[in-house]
Amino acid sequence: AGDLNEALKYYFQAANTSGQLPLAQYSLGQMYVWKGQLEDAIKELQQVLNHSPEDRDTLMALGRLYLQLGKDVEASGVLKKVTDQYKDNEEAWLLYGYSSRHDSEFALKCMANAIRAAKTRDHEVQHSTWNNVGVLNHVAGYLDDAMRLYLKALTTAGGDLEHYELEQVLIVMNI
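Definitions and limits used
Residues numbered from 1 in each chain as written. Predicted model: local features only at pLDDT ≥ 70, side-chain atom pairs only at ≥ 80, totals over all residues. Heavy atoms only, no water. Helix = DSSP H or I, 4+ residues; strand = E, 2+ residues; numbered from the N terminus. Buried < 20%, exposed > 50% of the residue type's maximum accessible area, 1.4 Å probe, protein only. Contact = heavy atoms within 4.5 Å. Areas by Shrake-Rupley, 256 points an atom, 1.4 Å probe, with all protein chains shown as cover. Phe/Tyr/Trp six-rings, centres within 6.5 Å; stacked < 30°, edge-to-face > 60°. Expected span 1.5 Å × (residues − 1).

Undergrad: Give a description of the overall build of the protein that names residues and reports values.
TA: The helix and strand tally for the protein stands at 10 helices and zero strands. The N-to-C order of helical and strand elements in the protein reads α-α-α-α-α-α-α-α-α-α. Looking at the 175 residues of the protein, the share that counts as buried comes to 38%. A separation threshold of at least 6 residues defines the contact pool for the protein, and within that pool the share at least 24 residues apart is 42%. As displayed, the protein has an accessible area near 10000 Å², and 54% of this comes from carbon and sulfur atoms.

Shown next, in the form of structure tokens:
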């Protein structure tokens, strides 16, 4: 904890110099995250965006923080900027879909874009993504699609039983 506090002190000094260094402010924001001071982290990341409003890493970090604090509207606004700029950012689409989960139709579109982005980049779509898309279909009333996606999630999770056992139980419970 002593090293973390010492580092925080130096990042704070660097971030608050007269020239305001965005990299130091970003790093200070990350230090605040490590200390659990999420509102302070948000303030620092917002300062970075004042200098670099389109910075993907800062927008993603800010979106994650807003989600962690249950601020879905703010998260959606930030994550929309990322998905508008980077159509192939799988994580941004997943988070955008999660932040929009109260609008199941829109969340489904976001998840479809996440899956498309994963496939475009030859990434394996995770079983948790298939399960979440299944849940969204279930909520939207697309029961046949939901069942197909739950089964896909179950087969995708089939490898390492020890690691996936709890997740498989959750998927089966959805079925």
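Undergrad: Break down the packing of aromatic side chains for me, citing the residues and quoting the values.
TA: Using the criterion set out here, one finds two aromatic pairs in the structure. Aromatic pair Trp-93 and Tyr-96: ring centres 6.1 Å apart, planes at 35°, arrangement tilted. Of this pair, Trp-93 and Tyr-96 both sit in helix 6 (residues 90-99), separated by three residues, roughly a single helical turn. Across this residue pair, the class does not change: Trp-93 and Tyr-96 are buried. Their ring planes at 80° and their centres at 5.2 Å tell us that Tyr-96 and Phe-106 sit as a pair that is edge-to-face.

Undergrad: Lay out helix 7 (residues 104-120) with the relevant residues and their values.
TA: In this model helix 7 runs 24 Å from its N-terminal to its C-terminal C-alpha over 17 residues, within 8% of the 24 Å that 1.5 Å per residue would give. For helix 7, the set of buried residues is Ser-104, Ala-107, Leu-108, Cys-110, Met-111, Ala-114, Ile-115, Ala-117 and Ala-118. Each element contacted by the buried residues of helix 7 is listed here: helix 6 and helix 8 (127-140).

These figures capture arrangement, not role.
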